[in-house]
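# Architecture at a glance
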Amino acid sequence: WVVWRLISSSGAGVYIDSRQMGDPDPGSNAYFKGFQELLNKAHKKFYALRELPTYGNWTWEKDYHKAFGRFNALWKYQQDHRTTLIGSGLKRSDIGEIASKIGQLYYSFYLRTADTHFLLESYVFYEAIHTRGYFAEAGSSPQLSIKQLRFYARFIIVCLLLNKKEEAW
């Protein structure tokens, strides 16, 4: 069992004990429900970042760190319980979407700080999505194809900013 510390919206720590998620038997959806809960919380923080102004003296770092914390917990959770989650209906494209959101967070942080360390971190996530083929089944649905195209647009921009032209083509 594992205990994760998540950051709640008030900034206080929320602890999740994996023993409370239920047994990982094939018929149990407890892990998948826990995953969905973490995913919803992470997306809520991610989409709240859109509402922040891109200029001015706004304290945006706190909100970015909260979103990073949520996605970090979600990424760790899906890594620890991947086989059970895949058995419950999680697709490779869902994993790719999580990694893409983390890459977007790093890229957005780079845009606000001009620190190339964050651009490199964004590249690491995007390159992993590309090489592992998380969006390989994009032809199966129009929505997945749109996600794949958006991912490639972001990946190309990051590659060009890092002067990795051969990977952008």
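Before going into details, it helps to say that this report is about the structure given with it. Only a predicted model underlies this, so the values are computations on that prediction, with no experimental measurement involved. (Residues numbered from 1 in each chain as written. Predicted model: local features only at pLDDT ≥ 70, side-chain atom pairs only at ≥ 80, totals over all residues. Heavy atoms only, no water.)

Attention now moves to the packing of aromatic side chains. For the structure shown, the criterion picks out 19 aromatic pairs. Sitting above the plane of the Tyr123 ring, Lys164 keeps its charged end 4.8 Å from the centroid. (Phe/Tyr/Trp six-rings, centres within 6.5 Å; stacked < 30°, edge-to-face > 60°. Lys NZ or Arg CZ within 6 Å of the ring centre and 35° of its normal.)

The subject of this paragraph is the nonpolar core. By size, the foremost hydrophobic cluster in this structure holds 42 residues, and its most contacted members are Phe35, Phe71, Leu74, Ile98 and Leu105. Those elements giving two or more residues to this core turn out to be helix 1 (30-48), helix 2 (61-80), helix 4 (92-113), helix 5 (116-132) and helix 6 (142-161). If one sorts the elements of this core by residue count, helix 4 sits on top with 8 residues. Excluding residues within four positions of it along the chain, Phe35 makes contact with Leu74, Tyr77, Gln78, Leu85, Leu90 and Ile98. (Core = buried A, V, L, I, M, F, W, Y, C linked by side-chain atoms within 4.5 Å. Buried < 20%, exposed > 50% of the residue type's maximum accessible area, 1.4 Å probe, protein only. Helix = DSSP H or I, 4+ residues; strand = E, 2+ residues; numbered from the N terminus. Contact = heavy atoms within 4.5 Å.)

A separate point is unusual backbone geometry. Although it is not a glycine, Ala114 adopts a positive phi angle of roughly 65 degrees. With respect to the secondary-structure elements, Ala114 resides in the loop between helix 4 and helix 5. Positive phi outside glycine occurs at Asn163, with the angle close to 60 degrees. With respect to the secondary-structure elements, Asn163 resides in the loop between helix 6 and helix 7 (165-168).

A pair of packed helices can be characterised by two numbers: the angle between their axes and the separation between those axes. Packing of helix 2 against helix 4 brings their axes to within 10 Å, and their N-to-C directions diverge by 155 degrees. By the angle class used here, helix 2 and helix 4 are roughly antiparallel. Crossing hand, helix 2 versus helix 4: left-handed. For the pair helix 2 and helix 4, contact is made by Glu61, Tyr64, His65, Ala67, Phe68, Phe71, Leu74, Trp75 and Gln78 and by Ile95, Ile98, Ala99, Lys101, Ile102, Leu105, Tyr106, Ser108, Phe109 and Arg112, respectively. Taken together, the residues that form the contact of helix 2 with helix 4 break down as 13 nonpolar, 3 polar and 3 charged. (Axes fitted to C-alpha atoms, helices over the stretch in contact; angles between N-to-C directions. Parallel < 35°, antiparallel > 145°, perpendicular 65-115°, else oblique. Left-handed = near helix turned anticlockwise from the far one by under 90°. Nonpolar A, V, L, I, M, F, W, Y, C, P; charged D, E, K, R; others polar.)

For the rest of this paragraph, the subject is the environment of Leu105. Summarising the element assignment, Leu105 is placed in helix 4. Residue class for Leu105 comes out buried when judged on its relative accessible area of 1%. For the pair formed by Leu105 and Ser122, sequence separation is 17 residues and the distance between their alpha carbons is 7.8 Å. Among residues more than four places away in sequence, those in contact with Leu105 are Phe46, Leu49, Tyr64, Ala67, Phe68 and Phe71.

By the secondary structure assignment, Ser100 is in helix 4. Setting aside chain neighbours within four positions, we find Ser100 in contact with Tyr126, Ile129, Phe151 and Arg154.

Structurally, Ile129 is set in helix 5. Since its relative accessible area comes to 2%, Ile129 is described here as buried. In this structure, the C-alpha to C-alpha distance between Ile129 and Ile98, residues 31 residues apart in sequence, is 9.9 Å. When sequence neighbours within four positions are dropped, the list of residues in contact with Ile129 reads Gly96, Ala99, Ser100, Tyr134, Phe135 and Phe151.

Pairing is possible between side chains that carry opposite charge, provided their charged atoms lie close to one another. Following the criterion strictly, the structure yields 3 salt bridges and no others. Asp80 serves as the salt-bridge partner of Lys76, at 3.2 Å between the closest nitrogen and oxygen. You can see Lys76 and its partner Asp80 sitting in helix 2, 4 residues apart, about one turn around the helix. Asp80 sits in the partly exposed class, given a relative accessible area of 35%. Here Glu97 makes a salt bridge to Lys147, at a shortest N to O gap of 2.9 Å. A residue pair is termed long-range when its members are at least 10 positions apart, and Glu97 in helix 4 and Lys147 in helix 6 qualify at 50 residues. For Glu97, a relative accessible area of 19% gives the class buried. (Salt bridge = Lys/Arg side-chain N within 4 Å of Asp/Glu carboxyl O.)

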